[in-house]
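# Understanding the architecture of this molecule
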Amino acid sequence: MPGTPPQRNGGPTLREVLLHKGYLRLLLVSALVGIPVSLAAFGFVGLEHELQHWIWESLPKTAGYDRAPWWWPLPALLLAGLLLAPVVTRLPGHGGHVPVDGLGGPPTPPRAVPGVVLAALACLPLGAVLGPEAPLMALGGGLALLAVPAARRAEQPELVAVLGTAGASSAISTIFGSPLVAGVMLIEAAGLGGPRLIALVLPSLLAGGVGALVFTGFGHWTGLAIGALSLPKLPASGVPDPGDFLWGVPLAAAIALVCVAGQTIGRRVKAFTAADTARSNAAWSTAARSNAARSNAARTVLCAVAVGCCLALYALLTDRSPEEAALSGQATLGALAADPAAWPIGALLALVLCKGLGWSIALGSLRGGPIFPAILLGAALGVACAPLPGFGTAPALTVGLAASGAAVTRLPVTSAVLAAALLGGEAAAAMPLLIVATVTAFITAEALRGRPGRAGAAAGVGRAADTP
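First things first, this report covers the structure right here in the doc. For clarity, every value in this text was computed on a predicted model and none was experimentally measured.

## A short note on a nonpolar patch on the surface
Taken together, the side chains of Leu28, Leu32, Ile35 and Leu39 define a hydrophobic patch exposed on the protein surface, amounting to about 360 Å² of accessible area. Following the sequence through the fold, Leu32 ends up in helix α2 (residues 21-62).

Structure below.
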């Protein structure tokens, strides 16, 4: 760990780590890095939301529609694919990692940050069924590494890991509704122990706290939305009864099945979109590589159009706005939690089917984060099961939020904290059911993924082998 004293007799104590002058300098740098990173992240999120509002609300009204018509996702996603294709085939970093690979892995190199930003702005506002968390983490990590000269990064790879993680934490400190969620995520995904774990987490928490302060201040000052995952209004929740557990446990397992199925489809889509690149080698001619890039670009556009077809199908089946199935799902999740009665069961099941299929395709082909849409899918499936005898809307929503997060991230503690943060004041009473749903979904998802070799290839945040 950079800035820690030399190890002796099994390693330094926690007190020695925290009081070492090199580590104190690292904390100061982490706090200072949090300011420019959070400003850049705020600008990115604000721009993304303004573009999203213009494309899905202002532009349809300008064209004479009360809301986006059913066919609106088709040209929108076609444009997203056309804009994304040159980014993933020509720019450094290929626009960031494919969402089905999760959020783990080494920090994004600074030279790859422009491609990540362009790819995210090409996909997210135009309706890709993905969230902003992965691009934000890549943006924060890459910008934080600019504080360290390239030569020093090569000499001290552990410094790269710490500052990259701190930058990522600063960038996503508010997007999950609380900087504490980002801190817990880093603790669980780090795969470390003892003083090393604390030494890694403290810079991340400090940078995340500074980032949250900047996000909050600029949000009030500018009036721009920061897109935090939150539920302003919730159904009242009481203490769970036996019926809640009777239905909640199998519901959590079903949600895990839906999430793992989506990730499985996403991995197959990834193999389809990157097939020629995977087969390319140094012996190929320039013309052959160019042909492979064009082939992969065409497949990326095809997948984007397929996502648009899924969103249009939802609008046709339900006679509702395709915007409900498009995008990350933050707004739709808030509307669902605030007024579950406004959603017929058929519309909820159509949302799970169409948005789930679109999410699966986007996971393997477009660019963004995998978590936000999965949480909406879990919540929708939960609310659809709420009328079961002895169940209810509040416990069903609790199970949906907790189970989907655990299944898609493979981080059960993070998922429980995130679900509790979303439930707010209702979390205390719902905590027993929340924890049981989290554990059930996590175990079910891991069992469905099969052998460790296959599980390592599955999507997830906590990929210990890839985490520095």
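## Remarks on the packing of aromatic side chains
For the structure shown, the criterion picks out two aromatic pairs. Measuring from centroid to centroid gives 5.9 Å for Tyr65 and Trp71, while their planes differ by 80 degrees, and the two rings are edge-to-face. What makes Tyr65 partly exposed here is its relative accessible area of 34%. When the ring of Trp71 is compared with that of Trp72, the centres are 5.6 Å apart and the planes differ by 45 degrees; the resulting orientation is tilted. For Trp71, a relative accessible area of 31% corresponds to the partly exposed category. The exposure class of Trp72 is buried, given its relative accessible area of 10%. Among the aromatic residues, those joined into a cluster by ring pairs are Tyr65, Trp71 and Trp72. Lying across the ring of Phe272, Arg299 places its NZ or CZ 5.1 Å from the centre. In this arrangement the basic side chain of Arg320 is found over the ring face of Trp343, its NZ or CZ atom lying 4.2 Å from the centre.

## A closer look at the side chain of Arg320
As for its placement among the helices and strands, Arg320 is situated in the loop between α12 (286-318) and α13 (330-338). Side chain to side chain, Arg320 and Glu324 meet in a polar contact 2.9 Å long. Reaching out from Arg320, the side chain makes a polar contact with the backbone oxygen of Ala342 at a distance of 3.5 Å. Once you skip the residues sitting within four places of it in the chain, Arg320 turns out to touch Arg67, Tyr314, Ala315, Ala342, Trp343, Pro344 and Ala347.

## Focus: helix α16 (residues 393-409)
A rise of 1.5 Å per residue sets the reference length of α16, with its 17 residues, at 24 Å; its end C-alpha atoms lie 24 Å apart and thus fit the reference within 8%. Two residues or fewer past α16, Arg410 is found with a positive phi of approximately 65 degrees.

## Brief notes about the pattern of salt bridges
Working definition: two side chains of opposite charge can pair if their charged atoms are close together. Summed over the entire model, instances satisfying the criterion amount to five salt bridges. Residues Asp101 and Lys270 are paired through a salt bridge, measuring 2.8 Å at the closest nitrogen-oxygen approach. In this pair, Asp101 sits in the loop between α3 (73-90) and α4 (113-123) while Lys270 sits in helix α10 (residues 242-273), placing the two residues 169 residues apart along the sequence. Note on Asp101: relative accessible area 17%, which makes it buried. Among the residues examined, Lys270 registers a relative accessible area of 27% and is labelled partly exposed. Each member of the salt-bridge network shares a partner with another, and the members are Arg410, Glu446 and Arg449.

## Some remarks on the packing of helix α17 (residues 412-423) against helix α18 (residues 427-449)
At a minimum axis distance of 10 Å, the contact between α17 and α18 shows a crossing angle of 145 degrees. Seen along the crossing, α17 lies across α18 with a hand that is right-handed. Each of Pro412, Ser415, Ala416, Ala419, Ala420 and Leu423 in α17 lies in contact with α18, whose residues at this interface are Ala427, Ala430, Met431, Leu434, Thr438 and Phe442. Each residue belonging to the contact of α17 with α18 can be placed in one class, and the counts come to ten nonpolar, two polar and no charged.

## Let's talk about the packing of α10 against α16
The interhelical angle for the contact between α10 and α16, taken along N-to-C directions, is 35 degrees, at an axis separation of 8 Å. Relative to α16, the crossing made by α10 is right-handed. Counted together, Asp244, Gly248, Leu251, Ala252, Ile255, Ala256, Cys259 and Gln263 of α10 and Pro395, Ala396, Val399, Gly400, Ala403, Ser404, Ala407 and Val408 of α16 form the full contact between these two elements. Considering only residue class, the contact of α10 with α16 consists of eleven nonpolar, four polar and one charged.

Rules behind the numbers
- Residues numbered from 1 in each chain as written.
- Predicted model: local features only at pLDDT ≥ 70, side-chain atom pairs only at ≥ 80, totals over all residues.
- Heavy atoms only, no water.
- Patch = residues over 30% accessible without salt bridge, like charges linked within 9 Å, V, L, I, M, F, W, Y side chains within 5 Å.
- Areas by Shrake-Rupley, 256 points an atom, 1.4 Å probe, with all protein chains shown as cover.
- Salt bridge = Lys/Arg side-chain N within 4 Å of Asp/Glu carboxyl O.
- Helix = DSSP H or I, 4+ residues; strand = E, 2+ residues; numbered from the N terminus.
- Phe/Tyr/Trp six-rings, centres within 6.5 Å; stacked < 30°, edge-to-face > 60°.
- Buried < 20%, exposed > 50% of the residue type's maximum accessible area, 1.4 Å probe, protein only.
- Lys NZ or Arg CZ within 6 Å of the ring centre and 35° of its normal.
- Polar contact = N/O pair within 3.5 Å; in protein donor to acceptor, adjacent residues only side chain to side chain.
- Contact = heavy atoms within 4.5 Å.
- Expected span 1.5 Å × (residues − 1).
- Axes fitted to C-alpha atoms, helices over the stretch in contact; angles between N-to-C directions.
- Left-handed = near helix turned anticlockwise from the far one by under 90°.
- Nonpolar A, V, L, I, M, F, W, Y, C, P; charged D, E, K, R; others polar.

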